[in-house]
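Per-entry structural report
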Amino acid sequence: MDKIVYFDNAATTPLSEEVLREMKPYLTDFYGNANSVHTVGRQAVKGLDMARETVADILGADFNEIYFTSGGTESNNFALRGSFLAREKGRDKLVVSSIEHSAVLSTASELEKQGAKLSMVKPDKNGYLLASDYEKVGLSDCFLAGMMFANNELGTIQPIKEFAKVCSNFGALSFVDSVQAMGVTDIKVKDLGVSMLSFSGHKFGGPKGVGVLYIKNGVKVAPLITGGYQERSKRGGTSNVAGAVGLATALKLSRIDLEKQTANIRSVKDYFIKKVLSEIGGVTINGGENSLPGIVNITFNGIDGEALLYALDLKGVCASLGAACSAGTIEPSRVLKEIGLSDIDAKSSIRFSFYKQNTTQEVDYAVEVLKQAIKKVSG
Ligand SMILES: *Cc1c(COP(=O)(O)O)cnc(C)c1O
């Protein structure tokens, strides 16, 4: 295939050249184990420390509040399982929204089997959560409540500050999966007042297999992976120094002219939406106004989404049916069903997600392909 138009940046983003350049020495010359005390080890420590400092600075956190992990999934497991193990007596309740990523939802149902009392908070019809709904479920016997910063299928941005406030009022830990928002949002953990916050390098131009869990000082969390003394004994295993450097570099790059970068991403998405609405009939945009710059979810009424996706792929246009993690299964998207879509409509819906490398020329091509593909699958 010659032409690829990649509109699936919520699944993963391409590694930026500059990130690769910063990572490379830590994959080659500075190959040391960050636990070794000799010169080669100290070179690795230096990279790891720099990465941690960069991340901490950008998030407005302390150096020792940043824990490197293998990605978003591990960070979410760490937050949920670690706080469950360290919970206070009489606090067995876990509250999460019903539109969290599967890394949260699957972990929550595992913990339910282990004795956690699980409660779910539902979104409104546009995919928004309310902090007061967490309060209604009851947080005084809750060890941890989770609200994602922004939904990965709809892009809807949630009221994190209010959520964190409500949690702290009732002595529950607040956990935020910010995997989709990081890289396009100026997240400052102290302003938000959250106890824990997770994100992943590969969703904003960094490498795969590296993530972060921010854990506020004083918050009790048991380790998920036991081993050596890495990550202040909270996460054993030889440090992925190149990964941490890559994540930190990508994060730093995302914050240079953040507003301009996000305005560009949003303008490409808006151009796409405008063209789809004017040139293709019978579509519905899911979600609402307050959303991430790069994500749009569209129902193509009466069209089989899976067939449409394949037809697009044949012409090099990459998009996604709901979450990538549920691709391969024929289940309709859980998130779309939670906001009230029928099975049929959910299966007719496609997520297009944009990042800073995308252009309006790509949109022109993709919309032409989309028009032909719709004709093909409905004909
Ligand atoms: C991608 C994603 C994850 C998982 O992150 P990985 O690094 O791929 O494990 C978790 N939560 C959300 C919202 C995501 O979009």
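Computed from a predicted structure; not experimentally measured.

For the structure on display, the rule yields 10 aromatic pairs. For the pair Phe272 and Phe354, a centre-to-centre distance of 5.4 Å together with 55 degrees between the ring planes defines the contact as tilted. Remark: Phe354 occurs in the loop between strand 12 (349–353) and helix 14 (360–378) and Phe272 occurs in helix 10 (residues 258–279); sequence separation between them is 82 residues. Judged by centre distance (6.4 Å) and plane angle (75 degrees), the rings of Phe300 and Phe352 are edge-to-face. In this pair, Phe300 sits in strand 10 (residues 295–300) while Phe352 sits in strand 12, placing the two residues 52 residues apart along the sequence. In textbook terms, an aromatic cluster arises when at least three aromatic residues are bridged by ring pairs, as seen for Phe7, Phe272, Phe300, Phe352 and Phe354. Seen from the ring of Tyr365, Lys3 lies directly overhead, with NZ or CZ sitting 4.8 Å from the centre. A cation sits over an aromatic face here: Arg87 above Phe84, 4.0 Å from the ring centre.

Our next topic: the sheet that holds strand 12. The strand order across the open sheet built from 3 strands is 9-10-12, with neighbouring strands paired in antiparallel fashion. Two strands close off the open sheet at either side, each with one partner strand: strand 9 (283–286) and strand 12. Going across the sheet, the axis of each strand differs from the next one's by a mean of 30 degrees, ignoring polarity. Pairing analysis gives 4 bridges linking strand 9 to strand 10, with the strands arranged antiparallel. Among the inter-strand pairings, Val283 is bridged to a residue of strand 10, identified as Phe300. Strands in contact with helix 11 (residues 305–314) are strand 10 and strand 12; relative to strand 12, the strand with the most contacts, it is inclined by about 40 degrees.

Right, let's get into the site of the ligand. Among the 13 residues in the neighbourhood of the ligand, the closest are listed as Thr73, Asp177, Gln180, Ser200 and Lys203. The separation between an oxygen atom of the ligand and a polar side-chain atom of Thr73 is 2.6 Å. Look at the ligand: alone it shows 380 Å² of surface, and the protein chains cover 87% of it. With 3 residues, helix 3 (residues 72–85) is the single largest residue contributor to the shell around the ligand. For the shell around the ligand, a count of residues per class yields 2 nonpolar, 9 polar and 2 charged.

Tallied over the full model, the rule gives 18 salt bridges. Of the charged contacts, one joins Asp8 and Arg351 as a salt bridge, the two residues approaching to 3.3 Å between their closest N and O atoms. You can see Asp8 sitting in the loop between strand 1 (5–6) and helix 1 (17–27) and its partner Arg351 sitting in strand 12, a full 343 residues away along the chain. In this structure, Glu338 engages Lys122 in a salt bridge whose closest nitrogen and oxygen atoms are separated by 2.8 Å.

Turning next to the sheet that holds strand 5 (residues 142–146). Spatial strand order, 2-8-7-6-5-3-4: 7 strands in an open sheet with mixed pairing. The open sheet has two edge strands, strand 2 (66–69) and strand 4 (117–121), and neither has a second partner. Adjacent strand axes in the sheet meet at a mean angle of 20 degrees when their direction is disregarded. When strand 6 (residues 173–177) meets strand 7 (residues 196–200), the two strands line up parallel, connected through 3 bridges. Among the inter-strand pairings, Val176 is bridged to a residue of strand 7, identified as Leu197. Helix 4 (residues 102–113) rests against strand 3 (93–97), strand 4 and strand 6 of the sheet, and its axis sits at about 160 degrees to strand 3. Along the sheet, helix 6 (residues 160–169) contacts strand 5 and strand 6; its crossing angle with strand 6, the most-contacted strand, is approximately 155 degrees.

Our focus in this paragraph is the domain arrangement of the protein chain. In terms of domain boundaries, the protein chain breaks down into domain 1 (5–14 + 257–378) and domain 2 (17–254). Between the C-alpha centres of domain 1 and domain 2 the distance comes to 27 Å. Listed by partner, the interface residues are 31 residues for domain 1 and 35 residues for domain 2. Regarding the contact of domain 1 and domain 2, the summed buried area is about 2,600 Å², with carbon and sulfur atoms giving 52% of it. On the domain 1 side of the interface with domain 2, the three residues burying the most area are Leu292, Val335 and Glu338, jointly 22% of the side's total. Taken together, the links from domain 1 to domain 2 amount to 1 salt bridge. Run the count over domain 1 and domain 2 and you get 17 residue pairs in polar contact (both at pLDDT 80 or more). Secondary structure elements with two or more residues in the side of domain 1 that touches domain 2: helix 10, strand 10 and helix 12 (334–338). Partitioned by chemical class, the residues of the side of domain 1 that touches domain 2 number 14 nonpolar, 12 polar and 5 charged.

Thresholds applied
- Residues numbered from 1 in each chain as written.
- Predicted model: local features only at pLDDT ≥ 70, side-chain atom pairs only at ≥ 80, totals over all residues.
- Heavy atoms only, no water.
- Phe/Tyr/Trp six-rings, centres within 6.5 Å; stacked < 30°, edge-to-face > 60°.
- Helix = DSSP H or I, 4+ residues; strand = E, 2+ residues; numbered from the N terminus.
- Lys NZ or Arg CZ within 6 Å of the ring centre and 35° of its normal.
- Pairing = 2+ DSSP bridges.
- Axes fitted to C-alpha atoms, helices over the stretch in contact; angles between N-to-C directions.
- Contact = heavy atoms within 4.5 Å.
- Near = heavy atom within 4 Å.
- Polar contact = N/O pair within 3.5 Å; in protein donor to acceptor, adjacent residues only side chain to side chain.
- Areas by Shrake-Rupley, 256 points an atom, 1.4 Å probe, with all protein chains shown as cover.
- Nonpolar A, V, L, I, M, F, W, Y, C, P; charged D, E, K, R; others polar.
- Salt bridge = Lys/Arg side-chain N within 4 Å of Asp/Glu carboxyl O.
- Domains from an automatic or database assignment.
- Buried area = accessible area lost by both parts, 1.4 Å probe.

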